Amino acid sequence: MKILFAGTTANASEILQYLCEQGRHEIVAVLTREDALVGRKRELRESDVSAVARKQGLKVIKANRLNADTNDRIAETNPELGLVKIGRAHV
């Protein structure tokens, strides 16, 4: 199955890493936020998900909002399923 994975946090990056290791599905692209300034020194840093995707050689789409350009870039990957990691799981 062709998956578009969307997430930003460290927790989401662990899920992405797991999916990559399983190798059962094709991750056609990863959608994550744009690089942001963090810390006191305001250093530009990519999201945890972006770092994992880059290491895995996956296509990364960075956007802070869904707009026509972002939608077009997503559509170009022709995903069959969008997997979105939002918030923390509370059981």
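Each chain has its residues counted from 1, running along the sequence as written. Residues qualify for local features only when their pLDDT is at least 70, as the model is predicted, and side-chain atom pairs are given and counted only at 80 or more; totals for whole chains, interfaces and linings, by contrast, use all residues. Excluded from the side-chain calculations are hydrogens and water; all other atoms, namely the structure's heavy atoms, are used.

> Could you give me a rundown of the packing of helix H1 (residues 10-22) against helix H2 (residues 48-56), with the residues and numbers involved?
Viewed as axis vectors pointing N to C, H1 and H2 meet at an angle of 20 degrees, and their least axial separation amounts to 7 Å. With respect to H2, the axis of H1 lies roughly parallel. H2 is crossed by H1, and the crossing has right-handed handedness. Where H1 abuts H2, its residues Ala10, Ala12, Ser13, Leu16, Gln17 and Cys20 lie against Asp48, Val49, Val52, Ala53 and Gln56. In this classification, the charged set is Asp, Glu, Lys and Arg, the nonpolar set is Ala, Val, Leu, Ile, Met, Phe, Trp, Tyr, Cys and Pro, and all remaining amino acids, among them Gly, are polar. Class assignment of the residues belonging to the contact of H1 with H2 gives a composition of seven nonpolar, three polar and one charged. Fitting a line to C-alpha atoms yields each axis, with helices limited to the stretch in contact; the angle taken between N-to-C directions then spans 0 to 180 degrees. The secondary structure listing takes helices from DSSP runs of H or I that are at least 4 residues long and strands from runs of E that are at least 2 residues long, numbered from the N terminus. Convention used here: angles under 35 degrees read as roughly parallel, angles over 145 as roughly antiparallel, angles from 65 to 115 as roughly perpendicular, and any remaining angle as oblique. Should the near helix be turned anticlockwise from the far one by less than a right angle, the crossing is left-handed, and should it be turned clockwise, the crossing is right-handed. Here, residues are in contact when the closest pair of their heavy atoms is within 4.5 Å.

> So, the nonpolar core: which residues are in play, and what are the values?
Considering soluble globular proteins, one finds that nonpolar side chains tend to be buried as a cluster. Grouping buried Ala, Val, Leu, Ile, Met, Phe, Trp, Tyr and Cys residues that are joined through side-chain atoms within 4.5 Å yields what is termed a nonpolar core. Think of it in three bands: residues with accessible area under 20% of the maximum for their type are buried, residues over 50% are exposed, and the middle band is partly exposed, with areas taken using a 1.4 Å probe on protein chains only. Counting 11 residues, the largest nonpolar core is built from Phe5, Ala12, Leu16, Leu19, Cys20, Ile27, Val30, Val49, Val52, Ala53 and Leu58. For this core, the secondary-structure elements that each account for two or more residues are H1, strand E2 (26-32) and H2. Ranked by residue count, the leading element in this core is H1, at four residues. Excluding residues within four positions of it along the chain, alanine 12 makes contact with Phe5, Gly7, Val49 and Lys85.

> Run through the environment of lysine 59, naming residues and quoting values.
Residue position: lysine 59 is located in the loop between H2 and strand E5 (60-62). Look at lysine 59 and you get partly exposed, because its relative accessible area is 41%. Residues lysine 59 and threonine 9, 50 residues apart in the sequence, show an inter-C-alpha distance of 18 Å. Discounting chain neighbours no more than four positions away, the residues touching lysine 59 are Val28, Ala29, Val30 and Thr77.

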